[in-house]
Amino acid sequence: MNKPIVASLVAASLLPASAWAEQNTETVVVIGRSHHADTLTQIPANVAVITQEDIRKSGAQDITALLRGKSGIQVSDTNSGASFAMRGFSGSQSAHNTLVLIDGRRLNKADLSSPQLGSIALSQVERIEILSGSAGVLYGDQAVGGVINIILKSTAREGGHVGVRVGDFDTRGAYASKSGKLSDYWHYQVSADYAKTDNYREHNAQDSGVLSSRLEYQRDRERFHAVLSYFDDDRQWPSSLTESEYRANPRQSKSTHAEDYGHEISRSLDIGYQKGLGDTWQLSTSLQYSDTSSSAKSWGTPSQGELDQLTVSISGEKLFAPNRGEEGAWIVGVDYANNAFDYFSQSAYSTTDRDNRQQRMSVFSQLHYPLSSQTTLVLGGRKSRVTDDLTDAATYPDGEQLKEHASALELGVNHFIDEINRLYIRGEQNFRFAKVDEQAYTSPGVFGLAPQKGKSVELGWRQEAENYQIGVDLYRLEINDEILFDSSATKPVSGSFNGANVNADRSVRYGGSISGQLHVTPAWLVVGEYHYIDAEFTEGDNKGNALPWVAMHTATLQSTVHITRDVLAYIEGVYTGSRYKDGDNANSKGKLSSYWLSNFGLQYELEQWLTTFRVDNLFDKQYPANANARDAYYPGDGRQLTLEARYFF
């Protein structure tokens with residue numbers, strides 16, 4: 001464990017210890033990061049919520065399976081863990097441009113690895129909030145294409161559950177949770193989840209476990225929470241396949257990768273405190289710390305890594321009533337992050353030895369000002385600075401310090417036409433700083449990657465009646481100096497493989513979506529979504545070319561029917577349109593075919609028992625979860641049957 005970060009953690013813990021999520025399914029406190037603008041209708045943005053009822057009806061076994069059913073989210077998976085792209089980013093960049101939160105705490109990592117969604121047991125999730133579009137003012141770095149915020153269940157609900165699951169590919173697992181009351185103001189929760197599976201492909205067995213404990217205090221306008229979590233994931237990594245190998249037998253893995261694996265152990269602490277000061281001020285503070293150790297072997301090369309991440313946030317919010325009693329809010333805050341990443345790998349041909357540090361400091365402010373009883377103006381801004389201290393035996397043997405800064409502004413209007421119709425328009429800037437290991441692998445003469453910066457404009461309409469909802473959204477997203485890996489760039493001096501991380505040419509994404517749901521009868525619900533993205537390079541050698549791994553058309557259609565009071569059936573279709581292979585910036589490799597995936601679920605509920613049967617990829621469709629310009633294919637999972645039983649007490 002890194003001693004400077006531990007020292008920082010101890011010092012920070014002495015603060016009156018950001019926004020903390022209220023456990024209420026009708027609020028979006030963390031997405032809004034305001035205790036005033038805490039409902040969907042008060043946020044001038046495209047925000048959707050997967051409720052606890054939605055989760056239960058879907059029968060999904062994990063968060064990844066649940067999110068695959070959202071057409072605005074495009075998934076990439078190299079059979080080592082999924083990453084999610086929103087608003088037109090390639091598979092290799094998806095994990096760095098979509099921000100994932102747990103109760104407002106960042107799950108994104110300071111290195112190039114994807115957020116570990118396996119560290120969150122779906123049985124502990126209350127709801128998932130999905131903000132499509134930029135959130136640079138509220139969250140800064142990496143909140144470019146969208147934000148996925150996972151809200152965990154409250155300790156205020158006394159009771160618990162135990163469950164077991166079995167399925168194809170030798171899948172089995174068990175989980176348990178118990179929450180209770182220690183006193184009138186103190187509550188607790190403890191939970192455990194264990195899963196073991198061989199997965200669809202050969203040499204892809206996985207063994208993982210999650211332990212979590214939570215303590216909460218609530219009295220009037222004062223709240224406190226502390227969460228301790230432990231996650232252990234050990235997974236074999238199968239090889240990529242050529243197109244001919246993929247079509248002949250997508251489950252196979254080459255013997256050359258028979259020893260490849262990844263093993264990650266993560267420990268995290270999350271502390272939050274909130275207190276009302278007087279009648280109009282609310283103070284929120286938080287501290288999050290995580291320590292992740294990893295070991296792996298890829299292409300026969302062993303490696304070890306250590307990632308320590310510390311984040312401290314302090315914010316205050318003032319309520320006011322400037323216009324005939326209509327309430328507004330002003331929020332101002334400071335975020336600080338200190339990340340350390342140590343990495344070592346050695347093969348017969350090269351050695352990589354990195355000891356990198358990154359510190360970020362940000363100030364932000366957002367104003368919700370009521371222009372009338374029907375219209376609210378939203379203004380905001382953020383200023384961030386980052387310092388990278390890099391030591392790399394190959395590229396920065398004597399060490400190098402890099403400093404950068406970025407800012408974001410926001411202007412939005414939310415207007416209620418009447419009780420069921422709402423319009424919004426919003427413009428917002430966004431940015432992303434280079435990861436510490438991206439900075440360590442650049443072409444000769446390039447000392448530091450510039451921050452990626454973008455501008456987003458969007459317009460939306462919502463109509464919400466008693467039996468139906470419908471929404472339409474349009475947007476334009478422009479990205480400058482996008483940070484990505486270019487296989488054609490000159491590799492660093494002493495670099496172990498071709499290519500380098502670069503600031504790419506300007507790109508623009510135009511898009512829109514239509515979504516809705518209809519209660520055909522009290523027992524029959526139909527939900528549908530369609531998303532369109534036209535994403536292309538607008539400068540440089542690839543001007544006019546489509547961005548790779550971005551499907552222009554995606555859609556979902558879901559239907560839920562209560563066959564009887566105790567039996568529920570769920571069916572889902574997910575469409576992904578044709579797209580170019582990941583990394584094919586020149587659009588020279590031809591497009592991958594479009595495909596539909598279908599999932600089916602059946603539930604039976606009897607008193608305190610809930611039994612779920614689910615079939616993923618019902619028609620056993622063969623499709624690539626990832627395919628890149630080097631003719632490397634990673635197959636998506638074939639048909640899988642799973643049976644789960646849960647008992648509530």
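Residues numbered from 1 in each chain as written. Predicted model: local features only at pLDDT ≥ 70, side-chain atom pairs only at ≥ 80, totals over all residues. Heavy atoms only, no water.

The secondary structure content of the protein amounts to 8 helices and 35 strands. Computed over C-alpha atoms, the radius of gyration of the protein comes to 24 Å, within 12% of the 26 Å expected from 2.2 N^0.38 for 649 residues, which places it in the range of a compact globule. For the protein, the spread of C-alpha atoms along the three principal axes comes to 70 × 55 × 50 Å. The 649 residues of the protein split such that 54% are buried. When the accessible surface of the protein is split by element, carbon and sulfur atoms take 54% of a total near 27100 Å². Within the protein, one finds 61 positive and 80 negative side-chain charges whose respective centroids are separated by 1 Å. (Helix = DSSP H or I, 4+ residues; strand = E, 2+ residues; numbered from the N terminus. Rg over C-alpha atoms; globule rule 2.2 N^0.38 Å. Buried < 20%, exposed > 50% of the residue type's maximum accessible area, 1.4 Å probe, protein only. Areas by Shrake-Rupley, 256 points an atom, 1.4 Å probe, with all protein chains shown as cover. Lys, Arg positive; Asp, Glu negative; His and termini not counted. Charge placed at Lys NZ, Arg CZ, Asp CG, Glu CD.)

A few words now on a nonpolar patch on the surface. Taken together, the side chains of I420, Y468, I470, I514, L518, V520, W524 and Y530 make up a nonpolar region of the molecular surface, amounting to roughly 640 Å² of accessible area. Mapped onto the nonpolar patch, the elements with two or more residues apiece are β22 (468-480), β25 (507-521) and β26 (524-537). Broken down by element, the nonpolar patch gets its largest block of residues, 3 residues, from β25. Within the secondary structure layout, Y468 lies in strand β22. (Patch = residues over 30% accessible without salt bridge, like charges linked within 9 Å, V, L, I, M, F, W, Y side chains within 5 Å. Salt bridge = Lys/Arg side-chain N within 4 Å of Asp/Glu carboxyl O.)

At N79, a position not held by glycine, the phi torsion is positive, near 65 degrees. Mapped onto the elements of the fold, N79 is located in the loop between β2 (73-77) and β3 (82-86). Positive phi, close to 60 degrees, is recorded for F169, a residue that is not glycine.

What follows covers the packing of aromatic side chains. Taken as a whole and judged by the stated rule, the model has 14 aromatic pairs. Judged by centre distance (6.0 Å) and plane angle (25 degrees), the rings of F341 and Y343 are stacked. One aromatic cluster is present, formed by Y185, W186, Y217 and F224 through successive ring pairs. Against the face of F89 rests R509, its NZ or CZ located 4.2 Å from the ring centre. (Phe/Tyr/Trp six-rings, centres within 6.5 Å; stacked < 30°, edge-to-face > 60°. Lys NZ or Arg CZ within 6 Å of the ring centre and 35° of its normal.)

What follows concerns the pairing of strand β33 (residues 624-627). One ladder, built from 3 bridges, connects β33 with strand β34 (residues 633-635); its direction is antiparallel. Paired with A627 across the strands is Y633, a residue of β34. Between the antiparallel neighbours β33 and β34 lie 5 residues, among them D631 with a positive phi of about 65 degrees. (Pairing = 2+ DSSP bridges.)

The mixed open sheet is built from 5 strands, whose spatial order is β1-β6-β7-β4-β5. The two strands at the open ends of the sheet, each matched to only one other strand, are β1 (46-50) and β5 (105-106). Note: strand β4 (residues 98-102) against β5, 2 bridges, orientation antiparallel. The residue bridging I102 from the neighbouring strand is R105, located in β5.

Looking at where S90 falls in the secondary structure, it is placed in the loop between β3 and α5 (94-97). Since its relative accessible area comes to 12%, S90 is described here as buried. For S90, the side chain forms a polar contact with the side chain of S92, separated by 3.3 Å. (Polar contact = N/O pair within 3.5 Å; in protein donor to acceptor, adjacent residues only side chain to side chain.)

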